[in-house]
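Structural description and commentary
Here is how the chains run, residue by residue.
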Protein chains: 2
Amino acid sequence: MNQLKIFAPATIANVSCGFDVLGLCLDTVGDEMIIRKTSEKGITISRLVGQDLPLETEKNVAGIAGLAMLEKLNLNHGFEIEIYKNIKAGSGIGSSAASSAGTVWAMNELLGKPFSAKELVPFAMEGEKLASGTAHADNVAPALLGGFTLVRSYEPLDIIKIPTPDELYATVIHPQIEVKTSDSRSVLKQKITLKESIIQIGNLGGLISGLYTSDYDLISRSLHDEIVEPLRAILIPGFDEVKANAIQAGALGAGISGSGPSIFALSKGEEMAQNVAKSMSETYKKLHIDYDIHVSKINTNGCRVVEC
Amino acid sequence: MNQLKIFAPATIANVSCGFDVLGLCLDTVGDEMIIRKTSEKGITISRLVGQDLPLETEKNVAGIAGLAMLEKLNLNHGFEIEIYKNIKAGSGIGSSAASSAGTVWAMNELLGKPFSAKELVPFAMEGEKLASGTAHADNVAPALLGGFTLVRSYEPLDIIKIPTPDELYATVIHPQIEVKTSDSRSVLKQKITLKESIIQIGNLGGLISGLYTSDYDLISRSLHDEIVEPLRAILIPGFDEVKANAIQAGALGAGISGSGPSIFALSKGEEMAQNVAKSMSETYKKLHIDYDIHVSKINTNGCRVVEC
């Protein structure tokens, strides 16, 4: 096998009370990539469709992630990558993570899986470091492992896969507005109260518990971000209304995807997730803001082969 | 059935990263209580052995908890309580909670269980309010429900029972020193950094996950309190050494029980928990501080009938 066409999924990081620790993997939104072995060593990005991004290996997240993986191997060949982007940059659903994770996942498949999915995470994190300055794992971990992933710790890196209830669906709306990364960072408070932290911890414990027991009601009660959402919501026009609409339509909960501007909702069952999608769209129709909207089962596998 | 003799268990609150949200129930340490129906209405505390506490109903945590429960019922009789304390007051293993929880649990049994265990929690919390000024649930919830309990939220009260791995044992050492509640409160910082909070949240997620999957190694990696232990440890002479000894002897982790001065360790298997007990004792022998030490399986049922 010298070539693979794969699906590299979009992901939601900062799942409400799981700010900076909990992410999930989507199934109907993602990029396609073709990765093939080349006699030439190193990583070459030969094609990039759908987004205006640099092709130079060292300036592209896929290239950087691939190089990080190559460093740990002693290969007499290299890889060529074609990237077909469907995930918009800056949408808050892991566009750069899909490219980084997809690259190392496909390379690993072509090499006969020398690494486990968890072992691939640090390579993909190098791509994230190029994209955002921080080697965070919130998006690449769910893209590689599938389902919900908890980053228990960074030092040392410790990623835990959390089970996904069968009927859980995500709805994600991406209003076509720009939220500057610098703004979404600068609104964060570096100090919070002990009480806020305890509320967040209680909810995170409830959410993890609900995911293990498929207790949708508990998941719903726990989908609350005490700390970050109140600060970042002001950067996303219509956020409060979109969230309220989602919940009124029957969503278990809703919040900011990553650092926005996408807004996600979780629902029990596809029909409900579709109803929630309709309801979430209303606000941006009214505000005359263009949007993309996606309904997706939680993808419990992560990256997958589309074609050998 | 007009009378019950029950075992009212000791409990550990603030289980490391679960500060203020996670508690567990012990099996070999606890009080005994006799509760009997009386023709006279109200609650009478007729006997209190082992501790110098007021017998007046309104000044005793058991009395207050019982009265809170009676308020929700329309009974033409009352209850008489005898309390045989084994749990020392101020030890940090839920002495007042055992009396509050034991009272309402036994009353509920004698009445044919009009309330679920979770519904009894708010009554027992009234006893805690008398004891410490705060109606906290960290100790009464595990005493009533057994096992590990998560207080997801206080407003509204939402208690989640978390599974207990079969081989999990606790070792608890109680050095005979006094830590003033006012001191253990005043050392807490009301503001913490976002980073500290995220570390704590990651660990709590890992701990809950480890409890669901009986992953002892994950439990061990997660038993870390980033926020409170570093502040409160200074109030307990020998804490760092006792903790280090416990871990060196093979404990999964160790921390402050409640607000101290008791120190707990969790271990896989009884033999390990006994070894840990020996090791934890060394420091207080050396410091010539008297101590009690207990080894206990986690009690997954909570209060229980000893004799009808």
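Residues numbered from 1 in each chain as written. Chains lettered and ligands numbered in written order. Predicted model: local features only at pLDDT ≥ 70, side-chain atom pairs only at ≥ 80, totals over all residues. Heavy atoms only, no water.

Looking at the overall build of chain A
Rule in force here: Secondary structure follows DSSP: runs of H or I at least 4 residues long count as helices, runs of E at least 2 residues long count as strands, and numbering of each begins at the N terminus. With a 1.4 Å probe rolled over the protein chains alone, any residue whose accessible area is under 20% of its type maximum counts as buried; one over 50% counts as exposed, and the rest are partly exposed. For this analysis, residues touch if any pair of their heavy atoms sits within 4.5 Å. To measure how exposed things are, a 1.4 Å probe is used in the Shrake-Rupley method; for residues, cover is taken only from the protein chains shown.
Scanning chain A from terminus to terminus reveals ten helices and twelve strands. Once the C-alpha set of chain A is aligned to its principal axes, its extents read approximately 55 × 40 × 35 Å. Burial analysis of chain A (308 residues in total) assigns 60% to the buried set. Across chain A, the fraction of contacts at a sequence separation of at least 24, relative to all contacts at a separation of at least 6, is 73%. Working note: accessible area of chain A is about 12000 Å², and carbon and sulfur atoms make up 48% of it.

What about the sheet that holds strand 9 (residues 253-256) of chain A?
Residue and element names in this part refer to chain A. Operational definition: When DSSP locates at least two bridges between a pair of strands, those strands are taken to pair. Simply put, an axis is a line fit to the C-alpha atoms, just over the touching stretch for a helix, and the angle between two N-to-C directions goes from 0 to 180 degrees.
Taken together, the four strands give an open sheet; going across it, the order is 9-10-7-11, and neighbouring strands pair in antiparallel fashion. At either margin of the open sheet sits one strand with a lone partner, and together these are strand 9 and strand 11 (291-297). Adjacent strand axes in the sheet meet at a mean angle of 20° when their direction is disregarded. Pairing analysis gives four bridges linking strand 9 to strand 10 (residues 263-268), with the strands arranged antiparallel. Within strand 10, the residue paired with Ile256 across the bridge is Ile263. Sitting on the sheet, helix 10 (residues 270-286) touches strand 7 (168-175), strand 10 and strand 11, and the angle it makes with strand 7 is about 15°.

Re the domain arrangement of chain A
When the parts come together, some accessible area is lost, and that loss is often what is quoted as the size of the interface. Residues and elements named next belong to chain A. To keep things clear, this is the line we draw: What marks off one domain from the next here is an automatic or database domain assignment. Summed over both partners, the accessible surface that disappears when two parts come together, traced with a 1.4 Å probe, is what is meant by buried area. When a carboxyl oxygen of Asp or Glu lies within 4 Å of a side-chain nitrogen of Lys or Arg, that pair is called a salt bridge. Polar contact is defined as a pair of N or O atoms within 3.5 Å, subject to the rule that within protein one atom must be able to donate a hydrogen and the other to accept it, and that residues adjacent in sequence are counted only when both atoms are side-chain atoms.
Annotation of chain A at the domain level lists domain 1 (3-164 + 300-307) and domain 2 (168-297). A C-alpha centroid distance of 24 Å is found between domain 1 and domain 2. If you look at the interface, domain 1 gives 30 residues, while domain 2 gives 35 residues. Carbon and sulfur atoms supply 65% of the area buried between domain 1 and domain 2, which totals about 2400 Å² over both sides. Of all residues in domain 1, Ser16, Cys17 and Phe19 give up the largest surface area on contact with domain 2, accounting jointly for 25% of the area buried on that side. For the interface between domain 1 and domain 2, the tally reads one salt bridge. Its salt-bridge partner being Lys88, residue Asp292 comes within 2.7 Å of it at the nearest N-O pair. The tally of links from domain 1 across to domain 2 stands at twelve residue pairs in polar contact (both at pLDDT 80 or more).

A closer look at the packing of aromatic side chains
Convention followed: Two rings from Phe, Tyr or Trp (for Trp, the six-membered ring) form a pair when their centres are within 6.5 Å of each other. A pair whose planes differ by under 30 degrees is stacked, one over 60 is edge-to-face, and the rest are tilted.
Under the counting rule described, the total for this entry stands at three aromatic pairs over all chains. Both rings, one in A:Tyr212 and one in B:Tyr212, keep their centres 4.9 Å apart while their planes meet at 5°; by these two values the pair is stacked. One end of the pair, A:Tyr212, is in helix 6 (residues 194-213); the other, B:Tyr212, is in helix 6 (residues 194-213), on a second chain. Both rings, one in B:Phe115 and one in B:Phe123, keep their centres 5.0 Å apart while their planes meet at 75°; by these two values the pair is edge-to-face. Using a relative accessible area of 15% as the deciding quantity, one classes B:Phe115 as buried. The exposure class of B:Phe123 is buried, given its relative accessible area of 7%.

Description of the UniProt feature "domain: GHMP kinase N-terminal" (unreviewed entry) in chain A
Rules: UniProt positions are given in the numbering used here, feature names are shortened, and annotations may be inferred rather than shown by experiment.
Feature annotation in UniProt places "domain: GHMP kinase N-terminal" (unreviewed entry) on residues 68-147 of chain A, given in this structure's numbering. Secondary structure within residues 68-147 of chain A divides into 52% helix and 9% strand; the distance between the first and last C-alpha atoms comes to 25 Å.

A look at the pairing of strand 4 (residues 78-84) of chain B
The side chains of a regular strand alternate, residue by residue, between the two faces of the sheet. Residue and element names in this part refer to chain B. Where we set the bar: Crossovers are described as right-handed under a simple rule: with the strands pointing away from the observer, the path leading from the first strand over the helix to the second runs clockwise.
Counting buried residues along strand 4, six of its seven residues qualify, which places the element largely inside the surrounding structure. Pairing between strand 2 (residues 22-38) and strand 4: seven bridges, direction antiparallel. Opposite Thr38, over in strand 4, you have Gly78 as the bridge partner. Since strand 3 (residues 42-49) and strand 4 lie parallel, the crossover through helix 1 (residues 61-70) that links them has a hand, and here it is left-handed.

Digging into the relation of the copies chain A and chain B
Threshold: Superposition of the copies used a least-squares fit over C-alpha atoms from residues whose pLDDT is at least 70 in both.
You can overlay chain A on chain B at an RMSD of 0.0 Å; the transform is a turn of 180° with a shift of 0.0 Å along its axis. Here the two chains are linked by the operation of a two-fold rotation axis. When the interface residues of chain A are mapped onto chain B, 100% of them again lie at the interface, so the same face is used by both copies.

Notes on the interface of chain A and chain B
Facing 34 residues of chain A, the contacting portion of chain B comprises 34 residues. In terms of surface lost to chain B, no three residues of chain A exceed A:Arg152, A:Leu194 and A:Ile201, which account for 25% of the buried area on that side. If you look at where chain A meets chain B, you find two salt bridges. With its nearest N and O atoms 2.6 Å apart, the salt bridge here joins A:Arg221 to B:Asp158. The tally of links from chain A across to chain B stands at twelve residue pairs in polar contact (both at pLDDT 80 or more). Of all the elements in the fold, those that place two or more residues in the side of chain A that touches chain B are strand 5 (148-154), strand 6 (157-162), strand 8 (191-193), helix 6 and helix 7 (216-222) of chain A. Sorting elements by how many residues they give to the side of chain A that touches chain B places helix 6 of chain A first, with 14 residues. Where strand 8 of chain A lies against strand 8 (residues 191-193) of chain B, three bridges are found, and the strand directions are antiparallel. From the neighbouring strand, A:Lys191 faces strand 8 of chain B, where its bridge partner is B:Thr193.

Observations regarding the sheet that holds strand 7 (residues 168-175) of chain B
Residues and elements named next belong to chain B. The antiparallel open sheet is built from four strands, whose spatial order is 9-10-7-11. At either end of the open sheet lies a strand with only one pairing partner, and these are strand 9 (253-256) and strand 11 (291-297). Across this sheet, the average inter-strand angle for adjacent strands is 20°, counted without regard to direction. Pairing analysis gives six bridges linking strand 7 to strand 10 (residues 263-268), with the strands arranged antiparallel. Its bridge partner being in strand 10, Thr171 is matched across the sheet by Ala265. Lying over the sheet, helix 10 (residues 270-286) contacts strand 7, strand 10 and strand 11, oriented at roughly 15° with respect to strand 7.

Regarding the pattern of salt bridges
A full pass over the atoms with the stated rule returns 28 salt bridges over all chains. The partner of A:Glu241 in a salt bridge is A:Lys286, with the nearest N and O atoms 2.6 Å apart. Placement of the pair is A:Glu241 in helix 9 (residues 239-248) and A:Lys286 in helix 10, with a sequence separation of 45 residues. In this structure A:Glu241 comes out as partly exposed when scored by relative accessible area, which is 33%. B:Asp217 is the salt-bridge partner of B:Arg221, the closest N and O atoms lying 2.7 Å from each other. Of this pair, B:Arg221 and B:Asp217 both sit in helix 7 (residues 216-222), separated by four residues, roughly a single helical turn. On the basis of relative accessibility, which here comes to 31%, the residue B:Arg221 falls in the partly exposed class.

Quick notes on the UniProt feature "domain: GHMP kinase C-terminal" (unreviewed entry) in chain A
Per the UniProt entry, the sites bearing "domain: GHMP kinase C-terminal" (unreviewed entry) are residues 208-285 of chain A in this numbering. As a span, residues 208-285 of chain A carries 55% helix and 13% strand, and end to end its C-alpha atoms are 35 Å apart.

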